[in-house]
Amino acid sequence: MRRRVAVLGAGPIGIETALYAAQLGHDVTVYETGELGAAVRSWGHVTMFSPWALNTSALGRARLRLAGRELPEHGTPTGAEYVARYLEPLARDPLLEGRLRLHTRVVAVGRQGLRKGDLIGRRERSLHPFRLLIEDREGERIHHADVLFDCTGTYESPNSLGSGGMLAPGERWLGGRLVRHLPDLLGRDRARFAGRRVLLVGGGLSAATAAVALARLCDEVPGTQAVWVVRRPVSPPYPPFAADPLPERARLMHAANAVAERGRRPGAGLRFLDGTSVEALHAEGHQLRVRLGSSQGSAVSDELFDEVLGLCGYGPDRDLYRELQVHECYASLGPMKLAAVLLGAAGGDCMAQPVPGPETLRSPEPDLFILGSKSYGRGSAFLLQHGHQQIRGAFTLLHGDPALDLYRDAESARPQRSSALGTETARNAEPVRAAEAAG
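Residues numbered from 1 in each chain as written. Predicted model: local features only at pLDDT ≥ 70, side-chain atom pairs only at ≥ 80, totals over all residues. Heavy atoms only, no water.

Enquirer: What's the story with the overall build of the protein chain in this structure? I'm lost.
Expert: Each helix and strand in the protein chain was counted, giving 12 helices and 15 strands. The C-alpha atoms of the protein chain give 22 Å as radius of gyration, which agrees with the globular expectation for 439 residues (22 Å, within 12%). The principal-axis extents of the C-alpha atoms in the protein chain amount to approximately 70 × 55 × 45 Å. Sorting the 439 residues of the protein chain into buried and exposed places 51% on the buried side. Within the protein chain, residue pairs in contact and separated by at least 24 positions form 71% of the contacts whose partners lie at least 6 positions apart. (Helix = DSSP H or I, 4+ residues; strand = E, 2+ residues; numbered from the N terminus. Rg over C-alpha atoms; globule rule 2.2 N^0.38 Å. Buried < 20%, exposed > 50% of the residue type's maximum accessible area, 1.4 Å probe, protein only. Contact = heavy atoms within 4.5 Å.)

Here it is in structure tokens:
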């Protein structure tokens, strides 16, 4: 049955979801606040950990081949290359022609004629279509859909800098004065940070990427100084994974550990402080005064910085579906069924995460699916290959057909070619960029 499908977000998982739905004959509309692949574009200078073959779906590659485009099997693309060679051509595919509404914000979603507390947990809610309040250059209007996929990700909802994950005093007034996303420190954004004092806050691999670049900037440009703080006492900050199948990840972790070790010594251009949090910050002229404290709450220092780079991870924007029945995990803020599986198998290596089944995608709200990194809440172990599995699983539920698998069908129709990727590596390698994964 042809249904009206609304996809929120035109990132990698949103585009893949729309392509899958359109291939099945549904009436699909994709809503994107910014431009296509906006989050990926923002870290376009960063090289992914994994090769092309593991960052794309069989259906996506098949559609590109129909247009005369062939992606390489090997080599690791940058974010910019991924957008230009994969997302943009897919967005121009005949299946998606006219279906993308860019620069269109979905302000809120609900059910026509129902509120959150009506028909609690009952399938009858599906008889009332989803009601979307959208806003574009022409103003606000209402759109309707039968099925809703929230693929908006988390990149636009950065976590706070302060101790305990809270806003630090003064933080909310600084707004865009704080840098919340990974800049191109050695390229496009070099002039903003070179020769200046920079505070870097964060302990994931985004922070590792920034720390390595900042250390190099300190060596190359006289007068550049940096302080890197992480909230946990760690030594080293990134314990290596045994036999890591991702050389780029292993290289980054090794380099960041070396930067941290050097940063513990007096006189280093980049100082490393573990067990340290931001206690308060405020503007002081053209600079920012930051009070740093230990994990026990005692003062460490009170210093002036030219720039504060907060890479403390990201979380879901849940206000979007406040009038829908979403059962959230109290720890991760992700959908409860999926969160229970992920938390039950939590570990340091995102490649060791389980592959949850389709039933974990169900929520009390019929025909609502939260896919992609947003489905992992505040967790950072999401993999693109897991997102593809989510898409396939969601449509098996919608169609009531466990055997439905457009990826399998596209792969089986593909001419067989040899590949240097081992079976185990292909199964487990991590299709995320270095800047998004977490330690």
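Enquirer: Teacher, can you tell me more about helix 1 (residues 12–23) here?
Expert: An α-helical turn contains 3.6 residues, so a residue and the one three or four places further along point in the same direction. The end-to-end C-alpha distance of helix 1 is 17 Å, a good match for the 16 Å that 12 residues give at a rise of 1.5 Å each. Of all 12 residues that make up helix 1, 11 are buried, and the element is covered over most of its length. Buried residues of helix 1: P12, I13, G14, I15, E16, T17, A18, L19, Y20, A21 and A22, and no others. Of the residues trailing helix 1, G25 is marked for its positive phi of about 95°. (Expected span 1.5 Å × (residues − 1).)

Enquirer: Help me understand the sheet that holds strand 6 (residues 139–145) in this model?
Expert: Adjacent strands of a sheet form backbone hydrogen bonds with each other and so pair up, either parallel or antiparallel. Taken together, 3 strands build an open sheet; the order of strands is 4-5-6 and the sheet is antiparallel. Two strands close off the open sheet at either side, each with one partner strand: strand 4 (105–111) and strand 6. Strand-to-strand twist of the sheet, defined as the mean angle between neighbouring strand axes without regard to direction, takes the value 25°. Bridging between strand 4 and strand 5 (residues 130–136) involves 6 bridges; their strand directions are antiparallel. In the sheet register, V109 faces strand 5, and the bridge partner there is L132. (Pairing = 2+ DSSP bridges. Axes fitted to C-alpha atoms, helices over the stretch in contact; angles between N-to-C directions.)

Enquirer: Hey, could you run me through unusual backbone geometry in this one?
Expert: Leaving glycine out, the prevailing phi sign among residues is negative, and the prevailing peptide bond configuration is trans. Here the bond from S235 into P236 is cis, since omega is -5°, no more than 30 degrees from zero. You can see P236 is positioned in the loop between strand 9 (225–229) and helix 8 (247–263). Unusually for a residue other than glycine, A243 sits at a positive phi of about 50°. Inspection of the secondary structure puts A243 in the loop between strand 9 and helix 8.

Enquirer: Is there a simple way to explain the pattern of salt bridges in this structure?
Expert: A side chain with one charge may pair with a side chain of the opposite charge, provided their charged atoms come close. Summed over the entire model, instances satisfying the criterion amount to 36 salt bridges. Across the salt bridge formed by E70 and R65, the nearest N and O atoms sit 4.0 Å from each other. Between E365 and R125 there is a salt bridge; the shortest N-O distance is 2.9 Å. Of this pair, E365 sits in the loop between helix 9 (336–344) and strand 15 (368–370) while R125 sits in the loop between strand 4 and strand 5, and the two are 240 residues apart along the sequence. Linked through salt bridges whose partners overlap, the residues forming this network are R177, R192, R196 and E307. (Salt bridge = Lys/Arg side-chain N within 4 Å of Asp/Glu carboxyl O.)

Enquirer: So what exactly am I meant to see when it comes to the side chain of R61 here?
Expert: You can see R61 is positioned in helix 3 (residues 58–66). In this view, R61 contacts A53, T56, L71, Y86, E411 and R414; residues no more than four positions away in its chain are not counted.

Enquirer: Before we go on, may I ask you to explain the sheet that holds strand 8 (residues 197–201) in this structure?
Expert: Reading across the sheet, the 4 strands line up as 10-9-8-14 and stay open at both edges, with parallel pairing between neighbours. Whereas interior strands pair on both sides, the edge strands pair on one side only; in this sheet they are strand 10 (270–273) and strand 14 (307–310). Taken over all neighbouring pairs, the strand axes of this sheet differ in orientation by 15° on average, direction set aside. Here strand 8 pairs with strand 9 via 5 bridges, running parallel. Paired with L200 across the two strands is W228, which belongs to strand 9. Against the sheet, helix 8 engages strand 9 and strand 10, with an angle of about 90° to strand 10.

Enquirer: What's the story with helix 9 in this structure? I'm lost.
Expert: Residues of helix 9 that are buried: L338, A339 and L342. Taken around the axis of helix 9, the buried residues stretch over an arc of 95°, which confines them to a single face. (Arc of directions from axis to C-beta.)

Enquirer: Explain the nonpolar core here, please?
Expert: Here is a general trend for soluble globular proteins: nonpolar side chains tend to be buried in one another's company. Counting 85 residues, the largest nonpolar core has F149, L200, W228 and F369 as its most contacted members. With 10 residues, the top contributor of residues to this core is helix 7 (residues 205–220). Those residues within four positions of F369 in sequence are excluded, and the remaining contacts are V147, L148, F149, D150, L361, A394, L397 and L398. (Core = buried A, V, L, I, M, F, W, Y, C linked by side-chain atoms within 4.5 Å.)

Enquirer: Just checking my understanding: could you explain the packing of aromatic side chains for this structure?
Expert: Between two aromatic rings, the relevant description is the distance of the centres plus the angle of the planes. Applying the stated criterion across every chain, the model contains 10 aromatic pairs. Arranged with centres 6.4 Å apart and planes meeting at 20°, the rings of W228 and Y238 form a pair that is stacked. Note that W228 is positioned in strand 9 and Y238 in the loop between strand 9 and helix 8, a separation of 10 residues in sequence. There is no split in this pair, since W228 and Y238 are both buried. In this structure an aromatic cluster arises from ring pairing among Y20, F149, F369, F395 and Y407. Sitting above the plane of the F130 ring, R111 keeps its charged end 3.7 Å from the centroid. (Phe/Tyr/Trp six-rings, centres within 6.5 Å; stacked < 30°, edge-to-face > 60°. Lys NZ or Arg CZ within 6 Å of the ring centre and 35° of its normal.)

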